[in-house]
Amino acid sequence: MQNVLKSDVVRSKGLAIKLPVLFLHGFYACRSNLRHIANSPLIHSDRSCFLLDLRNHGDSFHSDSMHYNDMAMDVIHFLNSMGITKAIWVGHSY
C-alpha cells in the first residue's frame, strides 16, 4: 500500500474555473501554516486549494527516507490520486 499524504482542501466558493493551488509547507511545519493564505477570498473564490502535510511532518506518514525525489513522488502521487494534471505550487520555508 502506498503511503498517502494528509491534506486539507479549501473549496472554491463558486465554480472552480482556475487552476487549483497546491500549498507545501517548509521545514518543521505542517499544512495548517499556510491555511490563512488559502482561506483568502482572493485565492479560493474561483479555485480549490490543497494543503499537504509532507512525509515526516504533521499528520502524514513517517519514513526513514527524506530524499527530495521520494518527497516529490509523494506529491505527484497525491496529484494523480486527486485527478489533478495542472496546478499552481506555492511553497514556503524558513
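Novice: So what exactly am I meant to see when it comes to the sheet that holds strand S1 (residues 7-10) here?
Specialist: Sheet strands associate in pairs through backbone hydrogen bonding, adopting either a parallel or an antiparallel arrangement. In space, the four strands of this open sheet follow the order S1-S3-S2-S4, with mixed pairing throughout. Edge positions in the open sheet fall to S1 and strand S4 (88-91), since each of these has one partner strand only. Sheet twist, expressed as the average angle between the axes of neighbouring strands with direction ignored, equals 20°. Set on the sheet, helix H3 (residues 68-81) makes contact with S1, strand S2 (21-24), strand S3 (49-52) and S4; between it and S2 the angle comes to about 150°.

Novice: I keep staring at the pairing of S3 and nothing clicks. Help me out?
Specialist: Looking along a regular strand, one sees side chains alternate from face to face of the sheet. Side chains of S3 alternate between two faces, with Cys-49 and Leu-51 and Phe-50 and Leu-52 buried alike. Inspection of the sheet shows S1 paired to S3 by four bridges, in the antiparallel sense. What sits directly across from Asp-8, in S3, is Leu-51. Bridge count for S2 against S3 is four bridges, and the pairing is parallel. Along S3, the bridge assignment pairs Leu-22 with Phe-50.

Novice: Help me understand the packing of aromatic side chains, please; the structure alone is not making it clear to me.
Specialist: Centre-to-centre distance and the angle between the planes together describe a pair of aromatic rings. Enumeration over the complete set of coordinates arrives at one aromatic pair. Taking 6.0 Å as the distance between ring centres and 70° as the angle between the ring planes, the aromatic pair formed by Phe-50 and Phe-78 counts as edge-to-face. One end of the pair, Phe-50, is in strand S3; the other, Phe-78, is in helix H3, with 28 residues separating them in the sequence.

Novice: Mind showing me how you'd approach H3 here?
Specialist: An α-helical turn contains 3.6 residues, so any two residues separated by three or four positions project in the same direction. Helix length check: H3, at 14 residues, gives a terminal C-alpha distance of 20 Å against a target of 20 Å (1.5 Å per residue), a fit within 8%. The set of residues buried in H3 consists of Met-71, Asp-74, Val-75, Phe-78 and Leu-79. The arc enclosing the buried residues of H3, seen along the axis, measures out at 135°, which places them on a common side. Opposite the packed face of H3, turned more than 90 degrees from it, sit the exposed residues Asn-69 and Asn-80. As for H3, its buried residues are in contact with S1, S2, S3 and S4. Backbone geometry just after H3 places Gly-83 at a positive phi near 75°.

Each value, and the rule that gives it
The written sequence of each chain sets the order in which its residues are numbered from 1. Residues qualify for local features only when their pLDDT is at least 70, as the model is predicted, and side-chain atom pairs are given and counted only at 80 or more; totals for whole chains, interfaces and linings, by contrast, use all residues. Computation of side-chain values: all heavy atoms of the structure, hydrogens and water removed. Any two strands between which DSSP finds at least two bridges are classified as paired. Numbered from the N terminus, helices here are DSSP runs of H or I no shorter than four residues, and strands are runs of E no shorter than two. For every element, the axis is a line fit to its C-alpha atoms; helices are fit only across the contacting stretch, and the angle between N-to-C directions ranges from 0 to 180 degrees. Here a residue-residue contact requires only that any non-hydrogen atoms of the pair lie within 4.5 Å. A 1.4 Å probe rolled over the protein chains alone gives each residue an accessible area, and that area as a share of the maximum for its type sets the label: buried under 20%, exposed over 50%, partly exposed in between. Between the rings of Phe, Tyr and Trp (Trp by its six-membered ring), a pair exists once the centres lie within 6.5 Å; its type follows the angle of the planes, with under 30 degrees stacked, over 60 edge-to-face, and the other angles tilted. Residue count minus one, scaled by 1.5 Å, sets the expected span of a helix. In this description, one arc is meant: the one made by directions from the helix axis to the C-beta atoms.

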